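Report on the structure
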Amino acid sequence: MGLGVFNGMDRRRFLEWGLLGIAVAPAGCGFSTVEPTPSGGSGRLGAPWHAPVTALEPGLHALDFGGYRDGYIRVPAGYRHDDGAPFALLLHGAGGSAEDWSGGFDLFDELGLVVLGVDSAGSSWDLRFGSFGADVAFIRKALERTFDAVRVDPAQLAISGFSDGASYALSLGLANGDLFTHVLAFSPGFAAPDSRHGHPDVFLSHGTADTVLPVDFTRRLAGILRADGLQVRFEEFTGGHTLPRAVARLGYGWMVEGG
């Protein structure tokens, strides 16, 4: 799908956070950047689903909040405002932007999926630099705009991401499982929710030859989440730090079609 590799922008030691029952264990990763720890701002979004007050037509619609970084709402072809559509929030990897997901628009059309793509305020998501903050506020605002304009199915609300975006999707998704019914994390490197709410279903994927964020973290995380009572599907694939189209199809199809 072209959601791929960011040329090492994500290289760092990975965090296995104590809230999930394991200690920090960076051995073998060899990266020296700051490990994220939740402090300061809250990861609670406080943006519940609500019925729309306007109606967007199918197509790509800029959030148009102003500023250097922004995002979009994309309504799939065939969307009907009378019916609730499945929804996914898309979170990019470090050094990327919401445009990185454009290669998957035809897949989202195939699945009838409304997507909200947002840019991080900085080169990656705020938690990567120490605490929840500006990105949580921006996502909350973007969700409110989306729910105002598109009828989405409250039983099919996903947060998803690749690489740093996958780590952020896990962190926000586990903290807001009373909003998000599904969390899709493609090649994550950490999970650091500041609290736990709800019981979202979780889809994990990781390449077995990933030299940026090693697969071992995701293997252990899958077991921890299952032991915590969550439904988890974990797909390993032969490859590196990328999101193959077939894996994306498995993940979003799992959410929309079940299985």
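Each chain has its residues counted from 1, running along the sequence as written. Given that this is a predicted model, residues contribute local features only at a pLDDT of at least 70 and side-chain atom pairs are listed and counted only at 80 or more, while totals for whole chains, interfaces and linings are drawn from all residues. Excluded from the side-chain calculations are hydrogens and water; all other atoms, namely the structure's heavy atoms, are used.

Description of the pairing of strand β10 (residues 232-237)
What counts, and what does not: In this description, strands pair whenever DSSP reports at least two bridges between them. Under the DSSP-based scheme used, a helix requires at least four consecutive residues in state H or I and a strand at least two consecutive residues in state E, with every element numbered from the N terminus. The crossover handedness rule: strands pointing away from the viewer, path from first strand over the helix to second strand clockwise, crossover right-handed.
Strand direction decides the pairing type here: strand β9 (residues 201-207) and β10, joined by six bridges, are parallel. Considered in β10, the bridge of leucine 204 is made with phenylalanine 234. Considered for its hand, the β-α-β crossover made up of β9, helix α4 (residues 215-227) and β10 is right-handed.

Quick word on the sheet that holds strand β3 (residues 71-75)
Put simply, the rule reads: To get an axis, a line is fitted to the C-alpha atoms, and for a helix only the part in contact is used. The angle between two axes follows their N-to-C directions and goes from 0 to 180 degrees.
Spatially, eight strands are ordered β2-β3-β5-β4-β6-β7-β9-β10 in an open sheet, and the strand pairing comes out mixed. Bordering the open sheet on either side are β2 (59-62) and β10, each of which pairs with just one other strand. Between one strand and the next, the sheet's axes are offset by a mean angle of 15°, whatever the strand orientation. Examined bridge by bridge, β2 and β3 share four bridges and lie antiparallel to one another. Directly across from alanine 62, in β3, lies its bridge partner tyrosine 72.

Notes on the confidence of the model for the chain
This is how it is decided: Predictor confidence is given residue by residue as pLDDT, running from a minimum of 0 to a maximum of 100. In what follows, residue pairs with any heavy atoms lying within 4.5 Å of each other are defined as contacts.
The predicted model of the chain averages 85 in pLDDT, with 84% of residues at 70 or higher. Here residues 1-37 is modelled with pLDDT under 50, and outside its nearest four sequence neighbours on either side it reaches 101 contacts, counting other chains as well.

A look at the nonpolar core
We apply this condition: Within this scheme, the nonpolar core is defined by two criteria: the residues are buried Ala, Val, Leu, Ile, Met, Phe, Trp, Tyr or Cys, and they are joined through side-chain atoms within 4.5 Å. Burial classes follow relative accessibility: with a 1.4 Å probe on protein chains only, a residue under 20% of its type's maximum area counts as buried, one over 50% as exposed, and anything between as partly exposed.
Counting residues in each nonpolar core, the largest one holds 51 residues, and the members touching the most others are Val118, Ile139 and Leu143. The leading source of residues in this core is helix α2 (residues 134-149), at seven residues. Residues contacting valine 118, with those up to four places away along its chain left out, are Leu63, Asp70, Gly71, Leu89, Leu90, Leu91, His92, Ala98, Trp125, Phe138, Ile139 and Ala142.

So, the packing of aromatic side chains
The cut-off we apply is this: Note on aromatic pairs: the rings of Phe, Tyr and Trp (six-membered ring only in Trp) are paired at centre separations within 6.5 Å, and the planes decide the class, stacked below 30 degrees, edge-to-face beyond 60, tilted for the rest. Comment: the charge-over-ring label is applied if NZ (Lys) or CZ (Arg) is within 6 Å of the ring centre and within 35 degrees of the ring normal.
Counting across every chain of the model gives nine aromatic pairs. Between phenylalanine 108 and tyrosine 252, the aromatic rings sit 5.3 Å apart at their centres with planes inclined by 85°, giving edge-to-face as the arrangement. Of the two residues, phenylalanine 108 is situated in helix α1 (residues 105-111) and tyrosine 252 in helix α5 (residues 245-257); the sequence distance between them amounts to 144 residues. When sorted by exposure, phenylalanine 108 lands in the same class as tyrosine 252, which is buried. Ring geometry for tryptophan 125 and tyrosine 168: centres 5.3 Å apart, planes at 15°, overall stacked. Of the two residues, tryptophan 125 sits in the loop between β5 (114-118) and α2 while tyrosine 168 sits in helix α3 (residues 164-175), which places them 43 residues apart along the sequence. Exposure class is identical for tryptophan 125 and tyrosine 168. Each is buried. Geometry around phenylalanine 65 places lysine 141 over its ring, the cationic atom sitting 4.3 Å from the centre.

Let's talk about the pairing of strand β6 (residues 152-162)
Looking along a regular strand, one sees side chains alternate from face to face of the sheet. Where burial is concerned, most of β6 is hidden: eight out of the 11 residues are buried. Direction of pairing for β6 relative to strand β7 (residues 182-186): parallel, over a ladder of five bridges. The partner of phenylalanine 162 across the bridge, within β7, is phenylalanine 186.

Description of α5
The line we're drawing: Every helix has an expected span of 1.5 Å times one less than the residues it contains.
With 13 residues, α5 extends 17 Å from end C-alpha to end C-alpha; this agrees with the ideal 18 Å at 1.5 Å per step. Tucked into the core, α5 has its buried residues touching β4 (85-91), α1, β6, β7, β9 and β10. Positive backbone phi, at 85°, marks glycine 258, one or two positions downstream of α5.

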